[in-house]
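Analysis of the macromolecular model
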Amino acid sequence: MSTSQSLSCVQGFHSDISLSSINLNGKPESKDSVSACEDLTCSPSVQSTPDIEKKYVHHVYDAIAPHFSATRFAKWPKVAEFLNSLRPGSIILDAGCGNGKYLGFNPNCFYIGCDISPPLIDICARRGNEVMVADAVNLPYRCNFGDAAISIAVLHHLSTEMRRRKAIKELVRVVRKGGLVLITVWAREQEDKSLVTKWTPLFHKYDEEWISPSSPPSRNTSTMKLESIPEAKENCNQGAKQSNHVHSQTIDDEQESKDGMVAASVSRGIRKDCLSTSLDQTEAQQEYFVPWHLPYHRAEISGASASALASGLAKKDDKKGAMVYNRYYHVFVEGELRRYGF
Amino acid sequence: MRLLTHNMLSCNIKGVSNGFPLRLEAEKWVEKEVELNADFLRGIFPKIEWKALAGAARAIGYDALPDEADASMLDSDDFLSHFHHALLELHVEEGTLVCPETGRRFPINKGIPNMLLHEDEV
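The sections below set out a description of the structure shown in this document. (Residues numbered from 1 in each chain as written. Chains lettered and ligands numbered in written order. Predicted model: local features only at pLDDT ≥ 70, side-chain atom pairs only at ≥ 80, totals over all residues. Heavy atoms only, no water.)

The next point concerns the overall build of chain A. Each helix and strand counted, chain A has 8 helices and 11 strands in total. For chain A, contacts bridging at least 24 residues in sequence account for 77% of all contacts bridging at least 6. Working note: accessible area of chain A is about 14,600 Å², and carbon and sulfur atoms make up 54% of it. (Helix = DSSP H or I, 4+ residues; strand = E, 2+ residues; numbered from the N terminus. Contact = heavy atoms within 4.5 Å. Areas by Shrake-Rupley, 256 points an atom, 1.4 Å probe, with all protein chains shown as cover.)

Following this line, the structure appears as C-alpha cells:
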C-alpha cells in the first residue's frame, strides 16, 4: 500500500465515471473509544434517520427487495478490480451491501456485509453470506478490524451532508491503518442527459412531509426554498487516523433489467403547489426522487402494495402494470466526494 | 453469525465506551465444516481479541480454546484446528448479543444479528 504523502487526484470528465483517489495522512491509532466522537460530524442527531430516508429509502427497498435483488447482478468493473486487488485473506466490510452482490466476489477474502433493509439481508443470508442488519451511519463494529471497506451506491441515499460525512468516517474507522476504502455513488453528470429528466427534483426541506397528489397540503409551502449547499467545514486532517486510499467513483445509471427501472417520464406535478424546475436551478439541483417500477405480480408477492398505496408511498401505473415507488437520491457533483475527504 | 463476526461487533449506543465484547447468549447453533486455511488464520490472528473469542466459544459449549493465546501457538496444528473451528465453523442461528455496559439486547434470528438502534439510543 502506498504511503505517499501527495494528494493525487485523477478526475476524468468522463460523464459516466469520475475517479478520485485521496491519500490520507496517518495519525496514531486511538484504542480508547469505539465510537470516535470528537468532532462536528458526530452530533447525536446525525445518526437519527430523517423521515425522507425512512419513507423513500428504507420502506421502498423493503417493498421492492426481491425484485431489486433480481436486477442486481452485473458487477461494476471498477468494483471488481478493487476487490480482486486485495490481498488473499483480507477481511472486507461491505456497508450497505444490498442483495450481497459483491459478498464473496473475490473468494480468497472474507466478507462481512450489513444493510439497513432486513428483506435484503435475508436474501444475502440465504446465499450463505455473513451479514447483519445495521446502519451505515453508525456501524456496530470496533475500530480497525477490516482490511478494506466498500460502500457501493449507498451514500447517495443519505439526505444530509453530515450523514454522508459520518458514513465515510465510519468506513475509515472500521478498517485498519493502511486499509483501503472504495466508495461509489451516483453522479449528477450523466452521459445520457435525458436521464435527469426522468428524475423528480426535490425543492423542499426534508423535514416536511411529502404529500401525495390527492391530499391537500398540510403546511404553508410558500416559503419553501432550495436546500442550500451545506456549510459544514472541511478539515482534511480532522479525525483521520489511518493512511488510506479513498477511491471515489461516480457511475452512471445503474444497470437494471428491463422490468426494473423502466425509463418513464415522471410527472412533475406531484404536488399542485410544487415549483417547477427552472433551467438555472437545474445545475445546482442534487436532490431527486428516482422512480422504481415494481411489476404488479411482484407487488402482490411482497404484499406491501396495499399499505404503500394507502400511505401515498407508491402509485399505480396501469399502463406499465407496475407500482411506482420513489427513491430518494442526493446525486454527487464533480469533486464532491473529494471535498468530503479526510 | 460466526464468531469471527462476533469478534468485531460492538455496541454503538450513544455514550457507550465499553460496548465490546457483546456477551453471547446462544439458543441455537450449528456447525458447518469449511476447509482450514492456515495462512488465513495466521493473518487474522493479530486482529482477534482472544478473550472475546474464547468466551463466545464457551457460551456455545466449545471449550477447546485456551484462555490466552499468542502467535507462537499458530505453529501447532491442534491449536490451528481449534481456532479454525471456533472462528469459522460455529454458526449462531438464534440467540442474543448483550451489551456489557447497558445490558441492551441485540437479537440474532436465522443467523442474522440485528444491530439497529432505537431513536433514543442514537
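Turning our eyes to something else, we now look at the packing of helix α3 (residues 50–59) of chain B against helix α4 (residues 77–89) of chain B. All names here are of chain B. The N-to-C vectors of α3 and α4 enclose an angle of 70°; their axes lie 10 Å apart at closest approach. In terms of orientation, α3 lies roughly perpendicular with respect to α4. Contact residues: Trp50, Leu53 and Ala57 in α3; Phe79, Phe83, Ala86 and Leu87 in α4. Split by residue class, the contact of α3 with α4 holds 7 nonpolar, no polar and no charged. (Axes fitted to C-alpha atoms, helices over the stretch in contact; angles between N-to-C directions. Parallel < 35°, antiparallel > 145°, perpendicular 65-115°, else oblique. Nonpolar A, V, L, I, M, F, W, Y, C, P; charged D, E, K, R; others polar.)

Approximately 750 Å³ is the volume found for the largest pocket. Taken together, 31 residues make up the lining of the largest pocket; nearest its centre are A:Pro107, A:Asn108, A:Cys109, A:Phe110 and B:Phe40. Listed by contribution, the elements that provide at least two residues to the lining of the largest pocket are β3 (110–115) of chain A together with α2 (38–44) and α4 of chain B. Among the residues forming the lining of the largest pocket, the class breakdown is 12 nonpolar, 9 polar and 10 charged. (1 Å grid on protein atoms, 1.4 Å probe; cavity = no way out; pocket = protein on both sides within 12 Å on 5 of 7 lines; lining within 4 Å. Points joined across faces, edges and corners; volume = space filled by probe spheres on them.)

All right, on to the sheet that holds strand β11 (residues 322–330) of chain A then. Two orientations exist for strands paired in a sheet by backbone hydrogen bonds: parallel and antiparallel. All names here are of chain A. Strand order in the open sheet formed by 4 strands is β7-β9-β11-β10, and the pairing between neighbours is antiparallel. At either margin of the open sheet sits one strand with a lone partner, and together these are β7 (200–201) and β10 (314–317). In terms of strand pairing, β7 meets strand β9 (residues 287–295) through 2 bridges, oriented antiparallel. Along β9, the bridge assignment pairs Thr200 with Phe289. Sheet strands touched by helix α1 (residues 51–70): β9 and β11. Its angle to β11, the strand with the most contacts, is close to 130°. (Pairing = 2+ DSSP bridges.)

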